[in-house]
Amino acid sequence: MTKALKINKNVEQGILELLKFLLNKDKVKGIFTLKKIGKGGSVAYSLITKPDELKDAVPLFPLMPVNAGKLLSRFSLKGSSSEPVVAVVRPCELRAFIELVKLEQGSLENIFFISSTCGGVHPIDASIDGVVEKNLSKYWDAVKKDEIPAELRPACRSCDEFIPYTADMTVDLIGNDNIDKQCTIFLNTKNGEELAKGMDGEFLEKEISKEKIDKFQGKREAEKKKLFDEIGTKTKDLDGLIDIFGKCIGCHGCMRVCPICYCKLCEFESTDSEYKPSSYESELEKRGALRVPPGVVYFQIGRLDHITLSCVGCGACEDVCPVDIPISIIFKKVGESVQKLFDYVPGRNVEEKIPLTTFEKEEFTEFED
């Protein structure tokens, strides 16, 4: 049985009490979490070192302004934190950071993680005019009832990796009808137990409800199948891919927000990828007309090839696409099919090497002549 801490306050108040306790007792020196910014309902990830600053913290707010894995990579890229920090992140954000650590783009040293059984997040444009805040009660009702609100990101509605693999603590949300009066936090690691030691509350031996999780898993998988079938019909051949990716305007916003795209100089933004006048002339001679900017389909397929094995399906790419290309579902569908070949789940285990960084003498022998 897993150890758990039960705090007799609603889940949002309970997690804030825990974070204040960690700072007040000097168990950590900083809290990395979402915090309200201004009065318009916007939130941003912030590093908080003073307990008073937690008054505006909203650790479980259902919005992902940026994948936190990308931010934690920047935070720890030049060296590990000299002081202990707790990061409150969603499962896909934690998995993204684990992948980046494997790629030597960050460090886990002195960072502890609190995550949750995740109900998903709203698209980023729902932060405009406080739309998310106005619908919070509806969101939490859905979480309690194992429901999937239609307003969530498509990537979240179809995500079946909603339980964190490597968190030190996991907040019990999905299917928990007591979250408005009780906060239950599973202590998954020795570090998690040590951090919670001395906190006011009841310590229990408890497991996440398998029945509730399985029920929710089935709903997410059904939604995923529906979205995969829809996108599969549209992308069953090259013409379909050209039709969908042909809408791309070449802004590269998807690449900039993707936690797995970390190259300082991307090939797609280098001078090698720029069309020279002679290239335009040659193409125009053949076709008589040329789309500008050129190469947008090549960019999308190339990026898909680069990140397939490490894609965590967070949906940040689709969230920022100005022409509404269903990038996250295409990448998720292709990603899962490739990951399955290697029996690989990105971010599942920091010790599990990314398949492309390993060499196996005997591999895929079934495809040999």
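Below or above, wherever it landed, is the structure these notes cover.

Rules used throughout
- Residues numbered from 1 in each chain as written.
- Predicted model: local features only at pLDDT ≥ 70, side-chain atom pairs only at ≥ 80, totals over all residues.
- Heavy atoms only, no water.
- Core = buried A, V, L, I, M, F, W, Y, C linked by side-chain atoms within 4.5 Å.
- Buried < 20%, exposed > 50% of the residue type's maximum accessible area, 1.4 Å probe, protein only.
- Helix = DSSP H or I, 4+ residues; strand = E, 2+ residues; numbered from the N terminus.
- Contact = heavy atoms within 4.5 Å.
- Salt bridge = Lys/Arg side-chain N within 4 Å of Asp/Glu carboxyl O.
- Pairing = 2+ DSSP bridges.
- Disulfide = S-S within 2.5 Å.

### A look at the nonpolar core
Within the largest apolar cluster, 70 residues are counted, with the highest numbers of intra-cluster contacts made by L18, V86, I114 and I185. Among the elements that make up this core, the one with the highest residue count is helix α1 (residues 11-24) (8 residues). The residues contacting L18, other than those within four sequence positions of it, are I114, M169, I185 and M199. By size, the runner-up hydrophobic cluster in this structure holds 26 residues, among which are F228, F245, I260 and C311.

### With respect to the pattern of salt bridges
On inspection of all chains with the given rule, the structure shows 20 salt bridges. The closest approach of N and O atoms between K55 and D56, which form a salt bridge, is 4.0 Å. Three or more residues joined by partner-sharing salt bridges are found here, namely D160, K224, K332 and E336.

### Comments concerning the pairing of strand β1 (residues 2-7)
Across 5 bridges, β1 lies against strand β8 (residues 202-206) in antiparallel orientation. Directly across from L5, in β8, lies its bridge partner F203. Pairing of β1 with strand β7 (residues 183-187) involves 5 bridges; the strand directions are antiparallel. Across the sheet, residue A4 finds its bridge partner in β7, namely F186.

### Structural notes on the state of the cysteines
Tallied over the full model, the rule gives 0 disulfides. Here C183 is not disulfide-linked; the sulfur of C118 is the nearest cysteine sulfur, at 15 Å. Left unpaired, C263 is separated from the closest cysteine sulfur, that of C266, by 6.4 Å.

Geometry only, nothing functional implied.
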